[in-house]
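The residues making up each chain are set out below.
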Amino acid sequence: MYQQERTSEETQPQRQTPDPKLSLALRFTAEDLIANRRGWLTDHQREMVNIRRRNAMLKFSAFAVLLAGVVLAWTLILNRLTTMDDLLLVAIFGALLVAISVLMSYTWHHFQWWQVLREDSKLETLLSISGRAIKSSDGTPQITVDDVIFYPEKKAFKAFKDDELYIIYYVPYSKTILAAHPVEV
């Protein structure tokens, strides 16, 4: 199990209201931030994780249905493929084989993501980390604080200032950022 990294409220000046850009982009409230400073997840934030989890399940289900359709088409084509002279059917067979492998990969990825979010949704507490938020320079929405890498949505990524000090509150398994605020020095 993950240990919680706590920041001392006595040593860190506390902002009473959340940073408006971060609050809007990450969809957290002042009440969420107060609870997060104490190490707790709010019902609102748990629901945000559950929404991400449901979306992952929908994507997994959609890819699973597509995969089943491609396998069915593959079976039908195999039944028609009686000779190797029919190049069109061989080409379709090859394309379906590639489609199956790609769909299997996407299906597995979304299933694993759903499992990770399921573990996060069971938590009562969250983690926090403070440090410089280093944004990737290649256009990928990636933020690194110390050795922890986050992949926020693009809107949240844009709300962070590069190489600025932040305290970030997140769930450990998916590394989903639930709230953040700049550290005032």
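Before reading further, recall that the structure is shown in the block above.
Rules used throughout
- Residues numbered from 1 in each chain as written.
- Predicted model: local features only at pLDDT ≥ 70, side-chain atom pairs only at ≥ 80, totals over all residues.
- Heavy atoms only, no water.
- Buried < 20%, exposed > 50% of the residue type's maximum accessible area, 1.4 Å probe, protein only.
- Helix = DSSP H or I, 4+ residues; strand = E, 2+ residues; numbered from the N terminus.
- Pairing = 2+ DSSP bridges.
- Salt bridge = Lys/Arg side-chain N within 4 Å of Asp/Glu carboxyl O.
- Polar contact = N/O pair within 3.5 Å; in protein donor to acceptor, adjacent residues only side chain to side chain.

Engineer: What exactly am I supposed to notice about the pairing of strand E5 (residues 176-182) here?
Structural biologist: A regular strand places its side chains on the two faces of the sheet in alternate fashion. In terms of burial, E5 is largely enclosed, as 7 of its 7 residues are buried. Note that strand E4 (residues 164-171) and E5 share 6 bridges and pair antiparallel. Paired with Tyr170 across the bridge in E5 is Ile177. Between E4 and E5, which follow one another and run antiparallel, lie 4 residues, and Lys175 among them has a positive phi close to 60°.

Engineer: Would you take a moment to explain the pattern of salt bridges for this structure?
Structural biologist: One pass over the full model with this rule turns up 6 salt bridges. The residue Arg54 makes a salt bridge to Glu47 at a minimum N-O spacing of 2.7 Å. Classification of Arg54 by relative accessible area gives partly exposed; the value is 44%. One network of salt bridges, in which partners are shared, links Asp43, Arg46 and Glu124.

Engineer: Mind showing me how you'd approach the environment of Glu47 here?
Structural biologist: Summarising the element assignment, Glu47 is placed in helix H3 (residues 43-80). Using a relative accessible area of 35% as the deciding quantity, one classes Glu47 as partly exposed. Considered as a pair, Glu47 and Ser121 are 74 residues apart in the sequence and their alpha carbons are 8.1 Å apart. Of the polar contacts made by the side chain of Glu47, one reaches the side chain of Arg54; its length is 2.7 Å.

Engineer: Where do I start with the pairing of strand E1 (residues 127-135) in this structure?
Structural biologist: Across 7 bridges, the pairing between E1 and E4 is antiparallel. Residue pairing across strands places Arg132 opposite Leu165, the latter belonging to E4. Pairing of E1 with strand E2 (residues 143-145), which is carried by 2 bridges, proceeds in the antiparallel orientation. Looking at E2, one finds that Lys135 is bridged to Ile143.

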